[in-house]
Amino acid sequence: TLPTVILVNGLVYDLSRWEQFKKNLNSQGYKVLTYYMRGQFKTLRAEVEKFKQPLFFKTGLSREMLADELEEIRFSLIPNDPIIVVGLSFGSAVASEYARK
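Everything numeric in this text was worked out from a predicted model, so none of it was measured.

## Quick look at the nonpolar core
Link 1 in the chain: Residues Ile6, Val8, Leu33, Tyr35, Met37, Leu66, Ala67, Leu70, Ile78, Val94, Ala95 and Tyr98 constitute the largest nonpolar core, which totals 12 residues.
Link 2 in the chain: Elements supplying a minimum of two residues to this core: β1 (4–8), β2 (32–35), α4 (63–77) and α5 (90–100).
Link 3 in the chain: Sequence-distant contacts of Met37, defined by excluding residues within four places in its chain, comprise Val8, Asn9, Leu11, Thr43, Leu66, Glu69, Phe90, Gly91 and Val94.
Link 4 in the chain: One finds Val5, Leu7, Leu15 and Leu25 within the second-largest nonpolar core, a separate group that totals five residues.

## Observations regarding the sheet that holds strand β3 (residues 83–87)
Link 1 in the chain: The strand order β2-β1-β3 describes an open sheet built from three strands, whose pairing is parallel. Two strands in the sheet have a free side with no partner beyond their single neighbour: β2 and β3. Averaged over all adjacent pairs, the angle separating strand axes in this sheet is 20°, with direction ignored.
Link 2 in the chain: Taken together, the five bridges between β1 and β3 define a ladder with parallel strand orientation. Opposite Thr4, over in β3, you have Ile83 as the bridge partner.
Link 3 in the chain: Along the sheet face, α4 touches β1, β2 and β3 and points at about 145° away from the line of β2.

Basis of the calculations
Residues numbered from 1 in each chain as written. Predicted model: local features only at pLDDT ≥ 70, side-chain atom pairs only at ≥ 80, totals over all residues. Heavy atoms only, no water. Core = buried A, V, L, I, M, F, W, Y, C linked by side-chain atoms within 4.5 Å. Buried < 20%, exposed > 50% of the residue type's maximum accessible area, 1.4 Å probe, protein only. Helix = DSSP H or I, 4+ residues; strand = E, 2+ residues; numbered from the N terminus. Contact = heavy atoms within 4.5 Å. Pairing = 2+ DSSP bridges. Axes fitted to C-alpha atoms, helices over the stretch in contact; angles between N-to-C directions.

Now the structure itself:
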């Protein structure tokens, strides 16, 4: 069975940036999971509405924390699939930390 490919988005990029890559992978039989990390668009808006500023302004963005979050998501969605993790920009730091752990 082919591994599931996890695409870890860059901090300032929209997920649509991955669309053609995802289509190519899907056409070859790969399943694809895209990871929109905390602090991006929807969570960013919600935090600004609720707290008047993004939470990461106070705590920073931790690639370790985001790698842990990614593992929780992966485990809940695809616990037994072999995986390949690919990152874009800051997402590559998260993907590297995920692989290290």
